[in-house]
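Residue-level listing of the chains:
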Amino acid sequence: MAVCSAYTTQSLNSTCSISTPAKTHLGFHQKQVVFYRRSSKRGGSGSSSSPCVITCSAGDSQTVVIGLAADSGCGKSTFMRRLTSVFGGAAEPPKGGNPDSNTLISDMTTVICLDDYHSLDRTGRKEKGVTALDPRANDFDLMYEQVKAIKSGVAVDKPIYNHVTGLLDPPELIKPPKILVIEGLHPMFDERVRDLLDFSIYLDISNEVKFAWKIQRDLTLLKTLQRDMAERGHSLESIKASIEARKPDFDAYIDPQKKYADAVIEVLPTQLIPDDNEGKVLRVRLIMKEGVKHFSPVYLFDEGSTISWIPCGRKLTCSYPGIKFHYGPDTYFGNEVSILEMDGQFDRLDELIYVESHLSNISTKFYGEVTQQMLKHADFPGSNNGTGLFQTIVGLKIRDLYEQITSSKTAAPLEATKA
Amino acid sequence: MATLRFNSLTGTVEKNPTSSFSSNPRLSWAYFQCNNKGERRASRMTVKAMGAAKYKGTQMREKKLTEMIEKKVSEAKQVCEGDETSDECKVAWDEVEEVSQAKADLRLRLEIEKKDPLESFCQENPETEECKIYED
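Residues numbered from 1 in each chain as written. Chains lettered and ligands numbered in written order. Predicted model: local features only at pLDDT ≥ 70, side-chain atom pairs only at ≥ 80, totals over all residues. Heavy atoms only, no water.

Chemist: Sorry if this is basic, but what is going on with the domain arrangement of chain A here?
Modeler: When the parts come together, some accessible area is lost, and that loss is often what is quoted as the size of the interface. Residues and elements named next belong to chain A. Looking at chain A, the domain boundaries give domain 1 (64–201) and domain 2 (262–404). Computed over C-alpha atoms, the centres of domain 1 and domain 2 are 27 Å apart. Contacts between the two partners involve 17 residues from domain 1 and, on the opposite side, 23 residues from domain 2. Note on domain 1 versus domain 2: buried area summed over both sides is about 1,800 Å², and carbon and sulfur give 69% of it. For domain 1, the biggest contributors to the area lost against domain 2 are Arg82, Val86 and Phe199; these three give 41% of the whole. (Domains from an automatic or database assignment. Contact = heavy atoms within 4.5 Å. Buried area = accessible area lost by both parts, 1.4 Å probe.)

Chemist: I tried to follow the nonpolar core on my own but got confused; where do I start?
Modeler: Soluble, globular proteins show a tendency: their nonpolar side chains are buried together. Residue and element names in this part refer to chain A. Counting residues in hydrophobic clusters, the biggest one holds 58 residues, and the most contacted among them are Ile66, Phe199, Ile265, Phe325, Leu340, Leu389 and Phe390. The dominant element in this core, judged by the number of residues it contributes, is helix α10 (residues 386–410), at nine residues. Three or more residues apiece are contributed to this core by two domains, here domain 1 (64–201) and domain 2 (262–404). When neighbours within four sequence positions are excluded, Ile66 is seen to be in contact with Ile179, Leu180, Val181, Ile182, Leu197, Phe199, Ile201, Ile398 and Leu401. (Core = buried A, V, L, I, M, F, W, Y, C linked by side-chain atoms within 4.5 Å. Buried < 20%, exposed > 50% of the residue type's maximum accessible area, 1.4 Å probe, protein only. Helix = DSSP H or I, 4+ residues; strand = E, 2+ residues; numbered from the N terminus.)

Chemist: Just to check I follow, could you spell out empty space enclosed by the protein for this structure?
Modeler: A probe as big as a water molecule, rolled over the atoms, marks out the empty space that is left. All names here are of chain A. Per the counting criterion, the structure on display carries four cavities of 30 Å³ or more. Space inside the second largest cavity adds up to approximately 60 Å³. Lining the second largest cavity are Asp71, Asn207, Lys210, Lys214, Ile243, Arg246, Lys247 and Phe250. Secondary-structure elements contributing two or more residues to the lining of the second largest cavity are α5 (207–218) and α7 (236–254). The greatest single-element share of the lining of the second largest cavity, amounting to four residues, is contributed by α7. Of the residues belonging to the lining of the second largest cavity, the class tally is two nonpolar, one polar and five charged. (1 Å grid on protein atoms, 1.4 Å probe; cavity = no way out; pocket = protein on both sides within 12 Å on 5 of 7 lines; lining within 4 Å. Points joined across faces, edges and corners; volume = space filled by probe spheres on them. Nonpolar A, V, L, I, M, F, W, Y, C, P; charged D, E, K, R; others polar.)

Chemist: How should I be thinking about the pattern of salt bridges in this particular structure?
Modeler: Two side chains with opposite charge may pair up if their charged atoms get near one another. Under the definition given, this model contains 35 salt bridges over all chains. A salt bridge links Asp94 of chain B to Arg246 of chain A; the shortest N-O distance between them is 2.9 Å. You can see Asp94 of chain B sitting in helix α2 (residues 87–113) and its partner Arg246 of chain A sitting in helix α7, one on each of two chains. Note on Asp94 of chain B: relative accessible area 5%, which makes it buried. According to the relative accessible area criterion, Arg246 of chain A is buried, its value standing at 8%. Connected through shared salt-bridge partners, Asp71, Lys210 and Arg246 of chain A together with Asp94 of chain B make up one network. (Salt bridge = Lys/Arg side-chain N within 4 Å of Asp/Glu carboxyl O.)

Have a look at this one:
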């Protein structure tokens, strides 16, 4: 809905023109200025018609900004896909631009990779002896300026960090979307950027799970059998060494952001299988900060109480190792939080819908929406455990937050256009 | 007399993979073992169907990333031999992580989106080298 304010200006006698608004993509809102000359039809009283300037800003709403801290690459992660899917539409790289762009754009959302704000490219970091995790390799001033600009409805030319070449490529234009997601290693590192975020999430993967996932990522079936041949590329040792070498910087610069997050998704090895080291069955904890504006934490049965719940029993049969839930209040780095925890995995559709029907405050628009979203992306990693479940739920909470923010803005008085 | 044993195994598709990188359902391999005068030599034939890589540019990127991973892993091992806690060592492994993730992202896009990342670029620029159709 456009809000237009009309002003009259005593300006120079210039020919007023009507500028046709630039064709805007659905979901983008831009300031449009229309110069309009009001012809005075009243008699020759001598008063010259003063040119009117009508300024319209579509929606008059600021972009909602979400921060996601994750060590798993940029803008292409499963979480991002689930999130954009909740809003509808698939997220794609900007059409016709740099093919190595990290940006993803869908109807409602634009996902920016914070690696684009590297101040040092790969060679530069090597020379200075800093990893990408180090704040010295990132330009927080530029990050702040550009996120602030986008938030207030101004398009920016954002640099591109090319992960294939390791160089900084020429910038790409980012137009303000309805929802901007900034994903990367440092969304909550800089205080000014933190203050721009309407909601923030931290994806906290434990070391054991990280190790197991990276093995699956980097070691193909082929390599695990290559015992007799010379080791080329990754091995168990190299993966372990890589995690260990990055750990000091990770602990110093990335991990401390946890305490600022409104929601933390913590991924741990399961407690249901003793000595499990495969990292296939997972224990996932959704840690939700209390008192966050427009965000009401998900709960089980009775808000604020402590619940232990095993859904498998008479009404629902599950296969080994089953499913176990826990919910309760807690403190996390000095903040009041509520924690919802799931250990185990879903085997069948009816387990998922059964669990969904017992959760409250999940911000669904219809019964079974969580299940539907999970099924829609059944091929995504984590679709049968807490990672997929909680990522989907956080996506719905973000949608809810977005709708609350935008409806509270349109509730502001509207001035009718009196042109 | 050499005996040839042949096992074939087709990769199994996990119904709902939990890892951050799903197993490739189209990976199949055959393992040969030749016993010849007590001498054992294992050789391997692999047939790996790529995701939907359509353009030469994507195939080139994937190849480049694979080569970079190998190169950077051996570099990192060398650099870290002296001092594991040195800055050079940290940076070397960080580079390995960066390119490993870049390769995984590319694979993930091909497999999950089933679309070549160069698709929209190549529609606008079909005559470039990168946009030649990749033929297996």
